[in-house]
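Examination of the molecular architecture
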Amino acid sequence: MTPSGLCIIGSGYSAAALLLHLEARGAKMDGVTVIGPQALGTGQAFGCVNDDFRLNVRAELMQVWPDDPGHFANWAATNIAGDREADTDVGAFYRRRDFASYIASEIRARPALASLPHIKASAVNISASGDGWDIELDDGSTTGASRIVLATGNPPPVWPFREQIADTPSLVRVPWLGDWPENIDGGARIVVIGSGLTALDAIHTLRHRQHHGGITLVAPDGMLPPVQTGWRDADALEWPQDVRASGFLKFMRDTVGDIPWEDTEWQRRFESLRYHISAAWQRLDAADQGRLMRRFGWLWSLARFRAGPQAFGSAQMLLDTGQLDIVTDMVTGITTTSGGVHDVGLATGARLSADAVINCSGAGRDPLITRILDNGTAARHQTVSHRPAMTSELALIRADGTPHGNMFGIGPMTSHVAGDVLGSASIARQARGLAARLVQ
Ligand SMILES: Cc1cc2nc3c(=O)[nH]c(=O)nc-3n(C[C@H](O)[C@H](O)[C@H](O)COP(=O)(O)OP(=O)(O)OC[C@H]3O[C@@H](n4cnc5c(N)ncnc54)[C@H](O)[C@@H]3O)c2cc1C
């Protein structure tokens, strides 16, 4: 197979951001191909169809152009009409699908990108072929590429227990698209697994639909994310150079101080840590990274992923009325009776009866990455063994420890090595850097 050039596997926001930055650098787009089942720029995050699912940061922080941070906010102010719920005291929080429309308009405005070949399929395997790669697709065909960028993003969630169960309209394993509430009766007893931003999205849309059945949220820490504040002017803090895990943690603690995390000032200080955290993270050795992730990863996630005011307000309202209950526990399995009632088992031995269960426990494992690690195309990361070992330049590493010169990664699939590259702005900065290296 003759390699055609650069192939981006995945068609979500990371892929779109990389293409936009390649085009902005004047890269030749002949021979660039995208593979992915969804429209370019949508993906798991922004391809959602539910108008109640909103961006969880204010418009100014949704950035594809690091040098023009207000670009989306300005676009939204001009192009989004009649969304009375968007404006809040701490900024405008638009619908998630509005950001996909914005990215689509950025792509449409660039003819070289608008006409790119896009193979609407999923890649299931990658194998070496001469100096390039053969990419096997789920429709049985194979395509070639001389260089690959993996932009496979957030893998669809699985149930957070070993025995997987079949999806049904009332057993919602992947809630991100937001297409499930219409299948749920207004009086259904609902169990929500997890207490992060996806759980708040679920609660918000249920409240909007005047759901009147009881909602029980089950999560190991039993804590809801804090709400976004109106922080401004966070200076980018320089991290200390030669620290181990304890020094890394101490720097964070000293920076945020004793202020309650609900406060605007706490978030301002926290945000000032985030600008250079990826570089600081990459200076830690793998053992220290693993130690920090195991002990404090959950706390970082809780502080980092703040809820939009709309979803947070809905959860508070339902807690106040008693319709929403939080149980500190872990779901260990679900069985369904012949009458269609779901019996939800918990780690403490308690059981809950539910008419519907919504899995908001987070992303699953990436099947393509699992495959290329299993077949030795890429080496495993030292401590996060289900993810690939990568250089700081985002190249995947071969089994012999040398970097692949023609296989790279971008976006959430790099966060175990690159740190906090999960939001639109940090992915955009990463895309800008990778585009510069690919053009060279
Ligand atoms: C539910 C949710 C809400 C979020 N909300 C926000 C927000 O409000 N603000 C913010 O800044 N960030 C948000 N994020 C963070 C988000 O991860 C990033 O902003 C961004 O969407 C990541 O883009 P991506 O393209 O890497 O991943 P994804 O959006 O997950 O897209 C990956 C794409 O690749 C495709 N794909 C996967 N595997 C293959 C394969 N083997 N072959 C071909 N295609 C494949 C998938 O089908 C998907 O279309 C959210 C994330 C999630 C999951």
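Residues numbered from 1 in each chain as written. Predicted model: local features only at pLDDT ≥ 70, side-chain atom pairs only at ≥ 80, totals over all residues. Heavy atoms only, no water.

1. Focus on the domain arrangement of the protein
Stated formally: Start and end positions for the domains come from either an automated domain assignment or a database one. Any pair of residues with heavy atoms lying within 4.5 Å of one another is described as a contacting pair. Buried area is a sum: the accessible area each of two parts loses on coming together, probed at 1.4 Å, counted once for each and added. A pairing counts as a salt bridge when a side-chain nitrogen of Lys or Arg comes within 4 Å of a carboxyl oxygen of Asp or Glu.
When cut into domains, the protein gives domain 1 (6–156 + 364–439), domain 2 (171–226 + 306–359) and domain 3 (245–304). Placing a centre on the C-alpha atoms of domain 1 and another on those of domain 3 gives a separation of 25 Å. On the domain 3 side, the residues contacting the 13 residues of domain 1 number 11 residues. Both faces considered, domain 1 and domain 3 share a buried interface measuring about 860 Å² in area, 41% of it formed by carbon and sulfur atoms. Considering only the surface of domain 1 that becomes buried against domain 3, Thr-383, Ala-418 and Asp-420 emerge as the three largest contributors, covering 46% of it. The interface formed by domain 1 and domain 3 contains zero salt bridges.

2. Considerations on helix H1 (residues 13–24)
To keep it simple, the criterion reads: Think of it this way: any DSSP run of H or I at least four residues long counts as a helix, any run of E at least two long counts as a strand, and we number them from the N terminus. One fewer than the residue count of a helix, multiplied by 1.5 Å, yields its expected span. Summary of the burial criterion: residues with accessible area below 20% of their type's maximum are buried, those above 50% are exposed, and those between are partly exposed, where the area comes from a 1.4 Å probe applied to protein chains only.
Look at H1: 16 Å from first C-alpha to last across 12 residues, which is about the 16 Å you get at 1.5 Å a residue. Within H1, 10 of the 12 residues are buried, which leaves it mostly tucked inside the rest of the structure. Those residues of H1 that sit buried are Tyr-13, Ser-14, Ala-15, Ala-16, Ala-17, Leu-18, Leu-19, Leu-20, His-21 and Leu-22. With its phi angle positive at about 80°, Gly-26 sits one or two positions after the end of H1.

3. Points about the state of the cysteines
Cut-off, in case you're wondering: When two cysteine sulfur atoms lie within 2.5 Å, the pair is treated as a disulfide.
Evaluation of the coordinates by the stated rule reveals zero disulfides. Between Cys-48, a free cysteine, and Cys-360, which holds the nearest cysteine sulfur, the sulfur-to-sulfur gap is 13 Å. According to the relative accessible area criterion, Cys-48 is buried, its value standing at 3%.

4. Looking at unusual backbone geometry
Notably, Gln-210 is not glycine yet its phi reads approximately 55°, a positive angle. Summarising the element assignment, Gln-210 is placed in the loop between helix H6 (197–208) and strand E12 (215–219). In this model, Leu-394 sits at a positive phi of 75°, which is unusual for a non-glycine residue.

5. What to know about helix H14 (residues 424–439)
In an α-helix, one full turn covers 3.6 residues, which means residues spaced three or four apart are oriented alike. Look at H14: 22 Å from first C-alpha to last across 16 residues, which is about the 22 Å you get at 1.5 Å a residue. Listed as buried for H14 are Ser-424, Ala-425, Ser-426, Ile-427, Ala-428, Gln-430, Ala-431, Leu-434, Ala-435 and Leu-438.

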